[in-house]
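The chain contents come next:
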Amino acid sequence: MNIDHHAPPPPAGPVPWQSDFAVGLLADMVRIRRMEEKSAELYGAGKIRGFLHLYIGEEAVAVGALHALSVEDNIVATYREHAHALVRGMAMSTIMAEMYGRREGCAHGRGGSMHLFDKATRLFGGNAIVGGGLPLAVGLALAAKMQNENRIAACFFGDGAVAEGAFHESLNLAALWKLPVLFCCENNLYGMGTALERSESQTDLCVKAASYNMPALRADGMDIVDVHEITRQAVQRVRESRSPVFVEYQTYRFRAHSMFDAELYRPKAEVEEWKTRGPIHTFSARLKAEGKLTEEQFLALDAAANAEVADAVAFAEAGTWEPVEDLLKDVHTPEGVAP
Amino acid sequence: MSRTLSYREAMREAMHEALANDPRVFLMGEDVGRYGGTYAFSKGFLDEFGPERIRDTPLSELGFVGAAIGAALGGMRPIVEVMTVNFSLLALDQIVNTAALYRHMSGGQFSVPLVVRMTTGAGRQLAAQHSHSLEGWYAHIPGIKVLAPATIEDARGMLAPALADPDPVVIFEHAGLFNMEGELPDTRDDLTVDIRSARVRRIGTDVAIITHGGSLSKALAAAGQLAAEGISAEVVDLRVLRPLDTAAIAAAVAKCRRAVVVDEGWKSGSLAAEVMARIMENVFYELDAPVARVCSEEVPIPYAKHLEDAALPQPEKIVAAVKGLFA
């Protein structure tokens, strides 16, 4: 079955939010965009190494979805997770220092771009095995249930993960045991270079999820209003039913899969078409049209994002290296430290 | 006053104690509940502790081992029973890529206090896919601890410290041991054992036989035969396969000056190879003969009994290997 690779129609209709809230979400998307653009530049300059997977184009998903969750909820993400860490509340400087491999990073440089963890904001990684985070989210939800906690677990993963056994085992377990998991599928149409219809016999991902006897919702991942409103509904259903809900966010990555990707697998025209639906400029245009945002405000929040990036880079540049004498640290928990 | 217990009863008692003492502890795995445990380790638990804490899982090794890791991160203390090491291959990604690496990848922010138990080993005519001894593979991985209780005392006493450990612990229980009986003290507070050190199970002076798990009884049988022929064998039970107790290995070899390593894993890339390497690194100049080993033959484990017996380490092979060192 062939699927439509065309971008969705531009978002329309009034933005159902107060100006402050709307501009706050816009500002988060801009922060992500500026951080990611700088990261790509720093990769080219050799400051960031290893794998670097950029979220540019998909900002509405992380921002819209994470703002529908509570600080008490548990978050599990993928190797394309800088945005999630930032929106969740990790300092941009800490993220940047980690990508530099500095001691001041969230994992002291042990993890890098793909392994951002933050106990304070309940971010459980940063997982570089496709689908690897799904069972973890199921277990976090199980622990919450067994301890009578209200928190839910939100698990982000891409369309590529849907082909993994972990996806199917996790959805089944969560539904079977009635666990409060929000499965957030960021469908950007490609698992690395393989288009969805080249890896899935059933390309309607909601149909797959629904077969595990859970509600499955779809959101326009290029429209932050739709992302946030659908996620809010989904989160409410998870909280009330204490059972899982699946949400598919139809989105698109504007940049290559990683910094090693020549993008031979998709036409440039397709990328350009999706860029016209970019989540930042379409949303800011709507807000301006509704009188909820002025050009001055936009320039100010963009300048603030750029300043935050500059500070983060300066922090990472000034960072230190973990001493090699500490190489074997953090393989096991030290004596006397509670897990 | 002491009492006689089987390995199965000892493990069951250890799990019962953990479940009764700590509300965070729960047991999950295939057929641990209604069925009573594939090997009856959890018989009666479902009635006593209920389905939330004695949690039957679907046949989803990757999914439920991963879920146990998540539950551990979320504040629980899961004991996850993977029916056998053979099926643990389906869960290997979660054990290796998540449980073992989690603390390191997170820069020490998160620990995974998880216990994974699984049956290992051959010897019951279950053929190639149900006869693996892959504990050596697991012992390769930094970030997990690997235990091999080979005695009633260890079956009873290793679980509590494993649960108290803040990091993932994988326990390998050899299927050939479950009906073995032994003495245990009545007093409950004496029953915890350390999960750090190897232990000498028979004192000797002429050769150190170093082994673990299901091969311990074979090594002890071989030592008995050798004694009758005037060779005094010391038998070292590794007990903890990661981290290895190098000092105990070196001490036994330095004392006896000869060593045979017995391991039910295949020879190539085996735990036996690691033990031999440590002997070379630490006590090479104490040796009077090259170190020998008895491992499984390099063949999938066959069904027919005579072939299965021939494929596995046996007391006669151990005796022959020891005698070879004195030739």
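Residues numbered from 1 in each chain as written. Chains lettered and ligands numbered in written order. Predicted model: local features only at pLDDT ≥ 70, side-chain atom pairs only at ≥ 80, totals over all residues.

J.: What am I meant to see in the pairing of strand 13 (residues 259–266) of chain B here?
T.: Across a regular strand the side chains alternate sides, sitting on one face of the sheet and then on the other. Residues and elements named next belong to chain B. Counting buried residues along strand 13, eight of its eight residues qualify, which places the element largely inside the surrounding structure. Relative to strand 13, strand 10 (residues 207–211) runs parallel, the two being bridged by three bridges. Bridge pairing in strand 13 places Ile209 opposite Val260. As paired elements, strand 13 and strand 14 (residues 292–296) share four bridges and run parallel to each other. From the neighbouring strand, Val260 faces strand 14, where its bridge partner is Ala292. In terms of handedness, the path from strand 13 via helix 12 (residues 271–283) over to strand 14 forms a crossover that is right-handed. (Buried ≥ 20, exposed ≤ 12 C-beta atoms within 10 Å, placed from the backbone. Helix = DSSP H or I, 4+ residues; strand = E, 2+ residues; numbered from the N terminus. Pairing = 2+ DSSP bridges. Right-handed = clockwise from strand over helix to strand, strands pointing away.)

J.: I tried to follow the sheet that holds strand 5 (residues 115–120) of chain B on my own but got confused; where do I start?
T.: Whenever strands of a sheet pair, they do so through backbone hydrogen bonds, lying parallel or antiparallel. Residues and elements named next belong to chain B. The sheet built from seven strands is open, its strands ordered 3-2-4-5-7-6-12 with mixed pairing. Each having just a single partner strand, strand 3 (54–56) and strand 12 (240–242) make up the two edges of the open sheet. The sheet shows a mean angle of 20° between the axes of neighbouring strands, taken without regard to direction. By the bridge criterion, two bridges tie strand 6 (residues 145–147) to strand 12 in an arrangement that is antiparallel. Bridging across to strand 12, Val146 finds its partner in Arg242. (Axes fitted to C-alpha atoms, helices over the stretch in contact; angles between N-to-C directions.)

J.: Help me out: how do you make sense of the domain arrangement of chain B in this one?
T.: By convention, interface size is frequently given as the accessible area that disappears when the constituent parts associate. All names here are of chain B. Split into domains, chain B comes out as domain 1 (2–190) and domain 2 (199–324). A C-alpha centroid distance of 26 Å is found between domain 1 and domain 2. Counting residues at the interface gives 23 residues for domain 1 and 21 residues for domain 2. Of all elements in the fold, only helix 7 (135–138), strand 6 and strand 7 (169–174) reach the threshold of two or more residues within the side of domain 1 that touches domain 2. Sorting elements by how many residues they give to the side of domain 1 that touches domain 2 places strand 6 first, with three residues. In terms of residue class, the side of domain 1 that touches domain 2 is built from eleven nonpolar, nine polar and three charged. (Domains from an automatic or database assignment. Contact = placed C-beta atoms within 7 Å. Nonpolar A, V, L, I, M, F, W, Y, C, P; charged D, E, K, R; others polar.)

J.: Hey, could you run me through the interface of chain A and chain B in this one?
T.: In this complex, chain A contributes 37 residues to the contact, which on the side of chain B involves 34 residues. Elements that contribute at least two residues to the side of chain A that touches chain B include exactly helix 5 (133–146) and helix 6 (165–176) of chain A. With ten residues, helix 5 of chain A is the single largest residue contributor to the side of chain A that touches chain B. Classifying every residue of the side of chain A that touches chain B by side-chain character gives 21 nonpolar, twelve polar and four charged.

J.: Would you mind going over helix 9 (residues 224–241) of chain A with me for this structure?
T.: Residues separated by three or four positions in an α-helix point in the same direction, a consequence of the helix having 3.6 residues per turn. Residue and element names in this part refer to chain A. Taking 1.5 Å per residue, 18 residues should reach 26 Å; helix 9 reaches 25 Å between its end C-alpha atoms and fits that length. Restricting attention to buried positions, one finds in helix 9 the residues Ile224, Val225, Asp226, Val227, His228, Ile230, Thr231, Ala234, Val235 and Val238. Buried residues along helix 9 sit in contact with helix 1 (19–44), helix 2 (59–66), strand 3 (181–187), strand 6 (216–220), strand 7 (245–250) and helix 11 (279–289). Just downstream of helix 9 lies Arg242, where phi reads positive at about 50°. (Expected span 1.5 Å × (residues − 1).)

J.: So what exactly am I meant to see when it comes to the packing of helix 10 (residues 216–228) of chain B against helix 14 (residues 315–324) of chain B here?
T.: Geometrically, a packed helix pair is captured by the angle between its two axes and the distance between the axes. All names here are of chain B. In contact at an axis separation of 8 Å, helix 10 and helix 14 are set at 55° when each is read in the N-to-C sense. Accordingly, the angle class assigned to the pair helix 10 and helix 14 is oblique. Crossing of helix 10 over helix 14 shows right-handed handedness. Contacts between helix 10 and helix 14 involve Lys218, Ala219, Ala221, Ala222, Gln225 and Leu226 on the former and, on the latter, Pro315, Ile318, Val319 and Val322. Partitioned by chemical class, the residues of the contact of helix 10 with helix 14 number eight nonpolar, one polar and one charged. (Parallel < 35°, antiparallel > 145°, perpendicular 65-115°, else oblique. Left-handed = near helix turned anticlockwise from the far one by under 90°.)

J.: I keep staring at the sheet that holds strand 6 of chain A and nothing clicks. Help me out?
T.: All names here are of chain A. Strand order in the open sheet made by the five strands is 1-2-3-7-6, with parallel pairing throughout. Each end of this open sheet is capped by a strand with a single partner; those strands are strand 1 (74–76) and strand 6. Neighbour-to-neighbour, the strand axes of the sheet open up by a mean angle of 20°, direction not taken into account. By the bridge criterion, six bridges tie strand 3 to strand 7 in an arrangement that is parallel. Of the residues in strand 7, the one forming a bridge with Glu186 is Tyr249. The strands that helix 5 touches are strand 1, strand 2 (153–158) and strand 3; relative to strand 2, the one it contacts most, it runs at about 170°.

J.: Would you mind going over the pairing of strand 10 of chain B with me for this structure?
T.: Residue and element names in this part refer to chain B. Summarising burial for strand 10: five of the five residues are buried, a large majority. Neither face of strand 10 is left uncovered, since the one carrying Val207, Ile209 and Thr211 and the one carrying Ala208 and Ile210 both have all their residues buried. Pairing of strand 10 with strand 11 (residues 233–237) involves five bridges; the strand directions are parallel. Bridged to Ala208 within strand 11 is Glu234. Handedness of the crossover joining strand 10 and strand 11 through helix 10 is recorded here as right-handed.

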